[in-house]
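Structural overview for review
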Amino acid sequence: MKNVIHSVTLDRDKCKGCTNCIKTCPTQAIRVQKGKAKIIKERCIDCGECIRVCPYHAKKAVTDPLSMMEQFQYNIALPAPTLYGQFSQLTDINVLLNALVKLGFDHVFEVAYAAQIITNETQKLIESGELETPVINSACPAVVKLISVRFPNLINNIVPIISPMDLAAKMAREQAREKTGLADDEIGVFFITPCAAKATCTKHPIGMSGSYIDGVFSISDIYLKLLPYLNDKSEMKTLSKAGLRGVSWANSGGEVGGLRTENYIAVDGIHNVIKVLEELENDKLGDIDFVEALACTGGCVGGPLNVENNFVAKTRIKKLAAGVKDNPPPAEERDDVLWDAPIPYNPVMNLDPDIVVAMQKMQQMSEIYDTLPHLDCGSCGSPSCRTLAEDIVRGFARESDCIFKLREKVASLAHEMVELEELAPPSMQPKNEGELQ
């Protein structure tokens with residue numbers, strides 16, 4: 001597996017080794033060793049669950065500073081539709097888009113507009129009958145990565161279409177080149193992200209050989225900087241082109257709502273997604289044609305880099321989407337939205353590349369697991385007794401890391417000490433009261 005730089009990172013100075021993160025990580029990518037958390041990069045899918053639960057803010061998502069715009073002559077903002085739901089008094093999307101221009105961007109291209117085009121192209125691909133069913137959406141990079149490490153049999157079910165973020169970047173760059181005559185290295189394209197997974201995806205795109213995005217700003221970083229401009233209604237321009245179907249992508253069910261299908265599932269929350277994928281892998285959902293799977297609760301409005309409560313933001317998005325419902329869907333078609341790079345299976349959970357050795361280690365792991373208490377308390381620093389057994393086999397941990405096994409060993413040693421004391425010669429035995437001094 002190629003070396004991937006993740007957006008989700010650990011601040012070891014802030015980490016207290018509380019083990020909250022290891023219990024929620026969906027790919028068991030975190031261990032606590034010597035009082036500090038450790039992220040196993042090969043397993044991390046940048047879902048951000050550890051960011052949500054860390055009480056010490058030791059997990060964070062690395063994004064780019066706004067000063068990065070100084071490197072380019074012409075800067076374009078790509079706001080995720082989730083951004084629209086972060087502001088309490090926003091009733092017109094154009095106010096927010098104009099605020100981005102006043103903040104310093106030369107142009108704004110809505111990801112929600114690109115989402116409508118992706119919806120159209122997805123519908124055509126489904127109707128062609130070329131896809132394996134049930135079809136799984138490809139817009140959530142955390143889900144795609146999850147499938148690549150845990151559910152390899154479902155890789156071919158993923159719709160092979162680039163995300164709205166990537167299409168927006170591609171279209172925005174094309175338009176900027178034509179409008180300004182500038183070269184690509186003079187045009188800065190910046191995505192405003194609600195989540196860590198998309199931040200990583202801009203550096204290591206999924207299904208694409210290269211990215212059209214130069215940098216990524218988190219919604220939480222840009223939120224306060226936009227507030228002063230939202231009350232400035234001067235020089236207002238009509239910048240929004242997105243309609244109901246595009247804006248609705250911010251919420252769970254928004255993508256599938258634009259497709260002409262009735263047999264679908266819209267599942268959100270990474271652990272709920274895992275349950276559905278397990279049922280898909282076991283052929284228990286044969287009557288489903290399309291699965292919209294999003295890692296964050298509520299959809300992208302639940303991303304860890306947002307500011308607003310996801311339930312509040314979801315309601316705001318619905319109201320804003322209803323206000324633009326008369327906008328016609330884009331008539332343009334694209335023949336360049338298919339992946340140009342395959343999604344590989346990343347067998348990070350295999351015990352050994354040699355199948356014979358792997359089977360031997362599996363047997364050893366099973367024997368060790370049988371001796372453990374099966375409480376999955378996490379006190380050992382591994383998320384479960386099974387992963388502790390795996391870590392022992394891999395040489396990353398010891399059986400005594402389990403506090404229950406350690407207690408048994410201490411009790412056994414104490415018992416042996418008592419027995420040894422009783423066997424000691426009279427000259428070494430402790431004195432009793434009344435004995436000669």
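Structure's up top.
An account of the accompanying structure is given in this report. Computed from a predicted model, the values in this text were never measured in an experiment.

Rules of the game
Residues numbered from 1 in each chain as written. Predicted model: local features only at pLDDT ≥ 70, side-chain atom pairs only at ≥ 80, totals over all residues. Heavy atoms only, no water. Helix = DSSP H or I, 4+ residues; strand = E, 2+ residues; numbered from the N terminus. Buried < 20%, exposed > 50% of the residue type's maximum accessible area, 1.4 Å probe, protein only. Pairing = 2+ DSSP bridges. Axes fitted to C-alpha atoms, helices over the stretch in contact; angles between N-to-C directions. Parallel < 35°, antiparallel > 145°, perpendicular 65-115°, else oblique. Left-handed = near helix turned anticlockwise from the far one by under 90°. Contact = heavy atoms within 4.5 Å. Nonpolar A, V, L, I, M, F, W, Y, C, P; charged D, E, K, R; others polar. Disulfide = S-S within 2.5 Å. Core = buried A, V, L, I, M, F, W, Y, C linked by side-chain atoms within 4.5 Å.

Considerations on unusual backbone geometry
Residue P134 is reached from T133 by a cis peptide bond, and omega for that bond is -5°. Tracing the backbone through its elements, the reader meets P134 in the loop between helix 4 (111–127) and strand 7 (135–136). You will see that T19, though not glycine, has its phi angle at about 75°, which is positive. A positive phi angle, close to 50°, is found at E235, a residue other than glycine.

What to know about the pairing of strand 3 (residues 36–39)
The side chains of a regular strand alternate, residue by residue, between the two faces of the sheet. Residues A37 and I39 line the buried face of strand 3, whereas the alternating positions K36 and K38 sit on a face that is not buried. Relative to strand 3, strand 2 (residues 30–33) is paired through four bridges, and the arrangement is antiparallel. Bridge pairing links V32 to A37 in strand 3. A loop of two residues connects strand 2 with strand 3, the two strands running antiparallel in sequence, and K34 in this loop sits at a positive phi of about 55°.

Some details on the sheet that holds strand 9 (residues 215–218)
The pairing of strands in a sheet comes from backbone hydrogen bonds and takes either a parallel or an antiparallel form. Strand order in the open sheet formed by four strands is 6-5-8-9, and the pairing between neighbours is parallel. In this open sheet, the two strands that pair with only one neighbour each are strand 6 (107–108) and strand 9. Looking at chain direction, strand 8 (residues 187–193) and strand 9 are connected through four bridges and run parallel. Bridging from a neighbouring strand, I192 pairs with F217 of strand 9.

Points about the packing of helix 5 (residues 141–150) against helix 10 (residues 270–281)
Remark: helix 5 packs on helix 10, axes separated minimally by 11 Å, with the N-to-C direction vectors making an angle of 50°. By the angle between their axes, helix 5 is oblique relative to helix 10. In the packing of helix 5 onto helix 10, the handedness of the crossing is right-handed. Every residue of helix 10 that contacts helix 5 at V143, L146, I147 and R150 is listed here: I270, V273, I274, L277, E278 and E281. Here the residues of the contact of helix 5 with helix 10 are counted per class, giving seven nonpolar, no polar and three charged.

Regarding the state of the cysteines
Going through the model one piece at a time under the given rule, you end up with zero disulfides. Lacking any disulfide linkage, C21 is separated from the closest cysteine sulfur, that of C18, by 6.1 Å. Judged by its relative accessible area of 4%, C21 is buried. Take C300: it sits in no disulfide, and the sulfur closest to it among the cysteines is that of C195, at 6.3 Å.

Things to note about the nonpolar core
L78 and L100 are the most contacted members of the largest nonpolar core, which has 107 residues in total. No other element matches the eight residues that helix 4 contributes to this core. In contact with L78, not counting residues within four places along its chain, are F109, V111, M165, A168, A169, A172, V189, F190, F191, I192 and I213. Counting 16 residues, the second largest nonpolar core, distinct from the first, contains I22, C25, V32 and I39.

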